[in-house]
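Spelled out from the first residue to the last, the chains are:
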Amino acid sequence: MERARVLAGLVGDTEVFRKVLEERRPQVFRTQGWPPGLPRTGELDAVLRGGLLRVPYVEMVRAGEVVPAAEFCTVRTVAGRREGGFADPGRIAALLADGATLLLPQLDQWHASVRALATGIALELGRRTEAFCFATGAGRRGLDVHRDDADVLVVQLAGEKEWTVHEAPADGRWHPGPAPEPGAVALESVLRPGEVLYVPRGAPHLATGRQGLSVHLSFTVREAGTGRLCDAVGEWLAAGGWANALPQRPATEAELLATAAEVLRLGRARLAELTAEELLRLARGPLPEPVGDDAAAPGRGPLTV
């Protein structure tokens, strides 16, 4: 799949999406057919039953609390060693039926087609993108009203989920996490398989399973904050080896002061070369390498000779 078409496959008109992204306005996108590259729940089920998925790539939440791994995982003997944390499909199914929520974190790190989608989104928007999968029973919710520190593209894979999204904060003075006073409602909608919901960064939201087992994929599009901008300045200053010509271990206080003055002089000169646009680009990265169309093809890997 061409990365320039990933967003179009999910939201249709990418110019409309970029506009609501800029305005931080929640919106549901409905395109014709199943978005290209989007996995079906059967594929994810096969991974759970395949035997290799383990903590931390599988988690469960019950009544807002993380379920201990021993309740949904099993222990195996691998090469003579006892190893725990392997997902147990039977235990997971029982907990789901009892009202718990299943979370599959960071699919972009271990699922080929989801990695391709997340990479395409990241390269189109110039921002790091991760992927998480949530499965929730009818009438259940994984979390109460909360804010995420990312723009989120929610893609419904199975069942139905009812969403309430409140208005995004008007400024940067907010924190991610629970939002007991969420403010005015900006959107209420029921998401069905193949449909996509955009939740603006910081907008309080609540999702409740509505019909059968509700499964959705969340692409979290990260954005730089003040802390990340400051970190990026330090990383940029440290790059290039410009300080290597200075004494690395000044012996006396006079030498330390002289070296400190030279560090400031060279640092200021280097900072003068850095623009706000370049700093923002650096803070939003690093972006992933493009994923080729044959990335998930059989026979492609380190064991191929």
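Computed from a prediction, not measured in an experiment: that's the story for all the values here. (Residues numbered from 1 in each chain as written. Predicted model: local features only at pLDDT ≥ 70, side-chain atom pairs only at ≥ 80, totals over all residues. Heavy atoms only, no water.)

J.: Residue-level account of the packing of helix α7 (residues 226-238) against helix α8 (residues 253-271), with values.
T.: The N-to-C vectors of α7 and α8 enclose an angle of 110°; their axes lie 10 Å apart at closest approach. Considering their axes alone, α7 and α8 lie roughly perpendicular with respect to each other. Where α7 abuts α8, its residues Val233, Trp236 and Leu237 lie against Gly267, Arg270 and Leu271. Of the residues in the contact of α7 with α8, the class split is 4 nonpolar, 1 polar and 1 charged. (Axes fitted to C-alpha atoms, helices over the stretch in contact; angles between N-to-C directions. Helix = DSSP H or I, 4+ residues; strand = E, 2+ residues; numbered from the N terminus. Parallel < 35°, antiparallel > 145°, perpendicular 65-115°, else oblique. Contact = heavy atoms within 4.5 Å. Nonpolar A, V, L, I, M, F, W, Y, C, P; charged D, E, K, R; others polar.)

J.: Please set out the pattern of salt bridges residue by residue, giving values where relevant.
T.: Scanning the model with the defined rule gives 19 salt bridges in all. With its nearest N and O atoms 3.7 Å apart, the salt bridge here joins glutamate 223 to arginine 127. Of this pair, glutamate 223 sits in the loop between β13 (205-221) and α7 while arginine 127 sits in the loop between α6 (112-125) and β7 (129-136), and the two are 96 residues apart along the sequence. Exposure remark for arginine 127: the relative accessible area of 6% places this residue in the buried category. Across the pair glutamate 130 and arginine 222 runs a salt bridge whose closest N-O atoms are separated by 2.8 Å. Residue glutamate 130 is found in strand β7, and its partner arginine 222 is found in the loop between β13 and α7; the two are separated by 92 residues along the sequence. Under the relative-accessibility criterion, glutamate 130 is labelled buried at 16%. Here the salt bridges do not stand alone but share partners, grouping Arg127, Asp151, Glu223 and Arg284 into one network. (Salt bridge = Lys/Arg side-chain N within 4 Å of Asp/Glu carboxyl O. Buried < 20%, exposed > 50% of the residue type's maximum accessible area, 1.4 Å probe, protein only.)

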